[in-house]
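# Structural characterization, general
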Amino acid sequence: MNQLPWLVRMVRALPQLARHGATILCGRRLFEQCMAFQSGQLEGATVVLSFDCDFPVDVEKLPQLAQDLKARGLRGSFAVVGQWVERWPDEHRALVD
């Protein structure tokens with residue numbers, strides 16, 4: 001783990017909720033360090049952003065989350081509930097766009 005960039009080590013050491021916030025705030029810098037790390041410029045692990053949309057309140061936040069990720073040049077992996085995709089197609093379309 002000591003081979004990881006300092007920013008990645010710092011974020012990984014935070015509690016889960018703080019780690020999520022720090023990932024959003026540090027987005028571009030964290031992404032660049034992870035890409036350098038993954039491409040072999042550095043050695044070690046990769047950071048993956050994965051989101052579970054388990055509740056209706058999660059669906060309401062999808063457009064803003066998609067916009068925040070796009071603004072920082074980041075991508076995420078989303079687990080969504082099929083019937084909610086049918087019920088709220090526009091909110092889920094933001095993920096694809």
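Report follows, based on the coordinates. (Residues numbered from 1 in each chain as written. Predicted model: local features only at pLDDT ≥ 70, side-chain atom pairs only at ≥ 80, totals over all residues. Heavy atoms only, no water.)

### As for the environment of Phe 51
Residue placement: Phe 51 occurs in strand 1 (residues 50-52). Residue classification places Phe 51 among the buried residues on the basis of a relative accessible area of 12%. It is 8.6 Å that separates the C-alpha atoms of Phe 51 and Val 80, two residues lying 29 residues apart in sequence. Here Phe 51 is in contact with His 20, Leu 65, Leu 69, Gly 76, Ser 77, Phe 78 and Ala 79, once residues within four sequence places are set aside. (Helix = DSSP H or I, 4+ residues; strand = E, 2+ residues; numbered from the N terminus. Buried < 20%, exposed > 50% of the residue type's maximum accessible area, 1.4 Å probe, protein only. Contact = heavy atoms within 4.5 Å.)

### So, the environment of Asp 68
Positionally, Asp 68 belongs in helix 4 (residues 56-71). At 2.8 Å, the side chain of Asp 68 forms a polar contact with the side chain of Gln 64. (Polar contact = N/O pair within 3.5 Å; in protein donor to acceptor, adjacent residues only side chain to side chain.)

### Regarding the nonpolar core
Counting residues in each nonpolar core, the largest one holds five residues, listed as Leu 49, Phe 51, Leu 65, Leu 69 and Leu 74. Not counting residues up to four positions away in its chain, the partners in contact with Leu 69 are Leu 49, Phe 51, Leu 74, Gly 76 and Phe 78. (Core = buried A, V, L, I, M, F, W, Y, C linked by side-chain atoms within 4.5 Å.)

### A few points about the packing of aromatic side chains
One pass over the full model with this rule turns up two aromatic pairs. Taking the centre distance of 6.2 Å and the plane angle of 70 degrees together, the rings of Trp 84 and Trp 88 count as edge-to-face. Residue classification places Trp 84 among the buried residues on the basis of a relative accessible area of 13%. Take Trp 88: its relative accessible area is 21%, and that puts it in the partly exposed class. (Phe/Tyr/Trp six-rings, centres within 6.5 Å; stacked < 30°, edge-to-face > 60°.)

Everything listed here is a matter of coordinates, which is why it stays silent on function.
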